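Structural description and commentary
Below are the chains, spelled out letter by letter.
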Amino acid sequence: MIQERLVRLGPDFDQVALACLDWGDAAARRTVVCVHGLTRNAHDFAVLAEALADRGARVIAVDMVGRGHSSWLADPQGYRVEVYAAQMRRLIGLLGLGRIDWIGTSMGGLIGMVVAAAADSPIDRLVLNDIGPSVASATLDQIRSYLGLDLLFRDLGELEAHLRTIHAGFGRLTDEQWAFLARTSSRETPDGLRLHYDPAIREPFLLDTAGGLDLWAAWDAIACPTLVLHGAESPLLTDDILGEMRRRRPGTEVVTFPEVGHAPALMATDQIATILRWLRL
């Protein structure tokens, strides 16, 4: 059974509220926290979460601030990885989760690296979905081209067509899966449908990525076992970045999925089976 939660982080976090989807038993021996990519939301993990819950895990997928049903920020400069990481630490504490496993897609993986790098990290096992500690500025140009555009769609079919274009790297999804992503990625407005995130997330992203991304210091500080899922055709997670990740942390496991770019949607049987195996569920 799935439950929907809205958790207020308190005055230290400007009363930000994070929306969560919660699968499985609250008393489960293992808890898996899932964090989505830059413009995505918690529903992206629905297929994976069902599989994890069937193996006895509790799964909590979060709408990061500015996305889905979570708060939008009055000051968009708070849409930054280090802020997201602090918010997630607070959420984990408020929910009393204790030790967790973390699955992060793209931006969710960057946040996971920051959380895992802390000396008192709550993460036992870390799964990074098609992201590493470094991304060149030029590689991020495609994301910049569509991020934060306040697009208006006449119907779900038009919105779905947009998602199929900008997220072609998700891989070979079924028509039903694309339709599900369209429904869960949309919000109704008086003028029509829009994507379910605050367009202002664009502002700090453009500033922070002008020279590319560099989280190598965080990567070097991570002590927990780490699995990296790699789309074979990914423009973000390249062979040279993977090589450097392995050189710095030789125990890192990498699994590459063919005919997938950025990022594996975690809906395919082989992708889910890989995660279940590695989490020992």
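Keep in mind it's a predicted model, so treat the numbers as computed, not measured. (Residues numbered from 1 in each chain as written. Predicted model: local features only at pLDDT ≥ 70, side-chain atom pairs only at ≥ 80, totals over all residues. Heavy atoms only, no water.)

Let's talk about the packing of helix 1 (residues 46–54) against helix 10 (residues 269–278)
In the contact formed by helix 1 and helix 10, the axes pass within 10 Å of each other and the chain directions differ by 40°. Classified by the angle their axes make, helix 1 and helix 10 are oblique. Crossing handedness for the pair helix 1 and helix 10: right-handed. Residues Val-47, Leu-48, Ala-51 and Leu-52 of helix 1 lie in contact with helix 10, whose contacting residues are Ile-272, Ile-275 and Leu-276. Classifying every residue of the contact of helix 1 with helix 10 by side-chain character gives 7 nonpolar, no polar and no charged. (Axes fitted to C-alpha atoms, helices over the stretch in contact; angles between N-to-C directions. Helix = DSSP H or I, 4+ residues; strand = E, 2+ residues; numbered from the N terminus. Parallel < 35°, antiparallel > 145°, perpendicular 65-115°, else oblique. Left-handed = near helix turned anticlockwise from the far one by under 90°. Contact = heavy atoms within 4.5 Å. Nonpolar A, V, L, I, M, F, W, Y, C, P; charged D, E, K, R; others polar.)

Focus on the pairing of strand 5 (residues 100–105)
Along any regular strand the residues' side chains alternate between the sheet's two faces. Along strand 5, 6 of the 6 residues are buried, which leaves the element largely enclosed by surrounding structure. Of the two faces of strand 5, the one holding Ile-100, Trp-102 and Gly-104 and the one holding Asp-101, Ile-103 and Thr-105 are both buried throughout. In this sheet, strand 5 lies alongside strand 3 (residues 31–35) in parallel orientation, the contact comprising 4 bridges. Note that in strand 5 the partner of Cys-34 across the bridge is Ile-103. (Buried < 20%, exposed > 50% of the residue type's maximum accessible area, 1.4 Å probe, protein only. Pairing = 2+ DSSP bridges.)

Focus on the nonpolar core
One finds Met-88, Leu-91, Trp-102, Ile-111 and Met-245 to be the most contacted residues of the largest nonpolar core, which totals 68 residues. Not counting the four nearest positions on each side in its chain, Trp-102 is found in contact with Val-33, Val-35, Met-88, Ile-92, Gly-108, Ile-111, Gly-112, Val-115, Ile-123, Arg-125, Leu-126 and Val-127. Residues Leu-48, Val-59, Leu-227 and Leu-229 belong to the second largest nonpolar core, which totals 28 residues. (Core = buried A, V, L, I, M, F, W, Y, C linked by side-chain atoms within 4.5 Å.)

Looking at empty space enclosed by the protein
Under the criterion given, the structure shown has 2 cavities of 30 Å³ or more. Its boundaries defined by the atoms lining it, the largest cavity holds a volume of some 60 Å³. Per-class residue counts for the lining of the largest cavity are 5 nonpolar, 4 polar and 1 charged. Reported here for the second largest cavity is a volume of approximately 40 Å³. Lining of the second largest cavity is provided by Leu-149, Asp-150, Leu-151, Arg-187, Arg-194, Leu-195, Tyr-197 and Pro-199. Its residues assigned to classes, the lining of the second largest cavity comprises 5 nonpolar, no polar and 3 charged. (1 Å grid on protein atoms, 1.4 Å probe; cavity = no way out; pocket = protein on both sides within 12 Å on 5 of 7 lines; lining within 4 Å. Points joined across faces, edges and corners; volume = space filled by probe spheres on them.)

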